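Survey of secondary and tertiary structure
Here is how the chains run, residue by residue.
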Amino acid sequence: MYSGKVRDLFVPAGASGLADTDSVLVVASDRVSAFDHVLEPGIPGKGELLTTLSLWWFDRLDDVPNHLIPDHALVGDRVVERIPEEVSGRSMLVKPLDMFPIECVVRGYLTGSGWAEYRESQSVCGIPLPSGLRNGDRLPEPIYTPAWKAPLGRHDENISFERTIELVGPDVAEELRRLSLHVYRRGASIAEARGVIIADTKFEFGADRVTGEITLADEVLTSDSSRYWDAAAYAAGETPEERMASFDKQIVRDWLAANWDRAGTPPELPADIVARTAARYRELLERLTGE
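All of the points below concern the structure found in this document. (Residues numbered from 1 in each chain as written. Predicted model: local features only at pLDDT ≥ 70, side-chain atom pairs only at ≥ 80, totals over all residues. Heavy atoms only, no water.)

1. With respect to the overall build of the protein
Condition: The numbering of helices and of strands both runs from the N terminus, where a helix is a DSSP run of H or I of at least 4 residues and a strand a run of E of at least 2. Using C-alpha atoms as the atom set, the radius of gyration is obtained and then compared with a globule rule of 2.2 Å times the number of residues to the power 0.38. Type-normalised accessible area, obtained with a 1.4 Å probe on protein chains alone, sets the label of each residue: buried when under 20%, exposed when over 50%, and partly exposed for intermediate values. We call two residues in contact when some of their heavy atoms are within 4.5 Å. Calculation of accessible area relied on Shrake-Rupley with a 1.4 Å probe; when residues are assessed, cover is drawn exclusively from the protein chains displayed.
For the protein, the helix and strand inventory stands at eight helices and 18 strands. Taking 291 residues into account, the globule formula puts the C-alpha radius of gyration at 19 Å, and the protein, at 19 Å, falls close to it. Across the 291 residues of the protein, 48% fall into the buried class. For the protein, long-range pairs separated by at least 24 residues make up 63% of all intrachain contacts whose partners lie at least 6 apart in sequence. Carbon and sulfur atoms make up 50% of the accessible area of the protein, which totals about 14100 Å².

2. Some thoughts on the sheet that holds strand β2 (residues 7–10)
Quick reminder of the rule: Strands are treated as partners if at least two bridges between them are detected by DSSP.
Read across the sheet, four strands follow the order β1-β2-β3-β8 without closing on themselves; strand pairing throughout is antiparallel. The open sheet terminates on both sides in strands that have one partner only, identified here as β1 (2–3) and β8 (91–94). Pairing analysis gives four bridges linking β2 to strand β3 (residues 24–28), with the strands arranged antiparallel. Counted as the bridge partner of Leu-9 is Val-26 from β3.

3. Focus on the environment of Arg-31
Put simply, the rule reads: Each polar contact in these results corresponds to two N or O atoms within 3.5 Å; when the atoms are within protein, one needs to be able to donate a hydrogen and the other to accept it, and residues that are neighboring in sequence are counted only if both atoms are side-chain atoms.
Summarising the element assignment, Arg-31 is placed in the loop between β3 and β4 (32–34). Sequence separation between Arg-31 and Ile-43 is twelve residues, and the spatial gap between their C-alpha atoms is 6.5 Å. Among residues more than four places away in sequence, those in contact with Arg-31 are Ser-3, Gly-4, Lys-5, Val-6, Arg-7, Asp-8, Val-38, Gly-42 and Lys-46. Here the side chain of Arg-31 touches Gly-4 through a polar contact of 3.1 Å, landing on its backbone oxygen.

4. Remarks on the packing of aromatic side chains
Put simply, the rule reads: Two rings belonging to Phe, Tyr or Trp (six-membered ring only in the last case) form a pair when the distance between their centres is within 6.5 Å. Interplanar angles under 30 degrees mark stacking, angles over 60 mark edge-to-face geometry, and anything in between is tilted.
Applying the stated criterion across every chain, the model contains six aromatic pairs. Taking the centre distance of 5.6 Å and the plane angle of 70 degrees together, the rings of Tyr-109 and Trp-229 count as edge-to-face. Note that Tyr-109 is positioned in strand β10 (residues 102–109) and Trp-229 in strand β18 (residues 226–230), a separation of 120 residues in sequence. Note on accessibility: Tyr-109 and Trp-229 belong to one class, buried. Relative to Tyr-234, the ring of Trp-229 has its centre 5.8 Å away and its plane inclined at 15 degrees; by these criteria the two rings are stacked. According to the relative accessible area criterion, Trp-229 is buried, its value standing at 0%. Classification of Tyr-234 by relative accessible area gives partly exposed; the value is 24%. The structure contains a cluster of three or more aromatic residues connected by ring pairs, namely Tyr-109, Trp-229 and Tyr-234.

5. Focus: the pairing of β8
Side-chain alternation along β8 places Ser-91 and Leu-93 on one buried face and Met-92 and Val-94 on a second face that is also buried. Where β3 and β8 come together, four bridges link them in antiparallel fashion. Directly across from Val-27, in β8, lies its bridge partner Ser-91.

6. Some words on the nonpolar core
Put simply, the rule reads: By nonpolar core we mean a set of buried residues, namely Ala, Val, Leu, Ile, Met, Phe, Trp, Tyr and Cys, connected to one another through side-chain atoms within 4.5 Å.
Ranked by internal contacts, the top residues of the largest apolar core, which has 50 residues, are Trp-57, Leu-176, Phe-203, Phe-205, Val-220 and Tyr-228. Take this core: its biggest share by element is ten residues, from helix α4 (residues 170–192). If near-sequence neighbours (up to four positions away) are discounted, Leu-176 is found in contact with Phe-100, Ile-102, Cys-104, Tyr-144, Val-168, Phe-205 and Ile-214. In terms of nonpolar packing, the next biggest core, distinct from the first, is built from 13 residues, Ile-43, Val-252, Trp-255 and Ala-278 among them.

Right, dumping it as structure tokens:
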């Protein structure tokens, strides 16, 4: 029914669309995107790695409602898998939600576009910050910097909290901020105990179509939606980017930024960039889960 930059959505045979089903199959591909473009080639095994990590995090964020539903059913005395074998391992079965058009970004450290903005205005997305911060510094408190989720093919746009109120109403806007900060803090604490820093991340939420309950959706705290750093390299005093100690697609972003002017079609990723990115994704999964 829908193909995004990384994931594809399917509904059961007989359903006419996402509005006419109680279950959706979310299949994570090996595609990789950066700067709002899907790149070639993909990262081998990436879909399975992202799905495994999302499911691991959903298990640990059990105080926050999420969109997962059972991926098996009891038929007579047999357990029947509901996920097709050909996409097993890289798929989640979820309930459809009425999604909010907000990308819920939380930043715990000053880096990336936030660092660039801070150097100009001593603020990030309009939120004033203390003077004297350096690239990679931990913020006094995590900050919530939402973005408007643009339709496919357009750029997401950073927006103020006041703008989110206009889009979804004051109660929903406040709950999105509260939940986002809560999930980030809990995830960051779990990751730090395993020697990994979550510098920033983004979440998506939707409303349960029956109860209206605000529900965590899509992926959560994966290498695609979060900026992960090695805590030991960070403690050494250099920014993680300088030491190439990130566990996400920063390797891809850095190579693309150095080899493409963002005009026209992006160049093909070299084999060593693909291999290094896949290795970092696998290492993060092993670090967090111990498997």
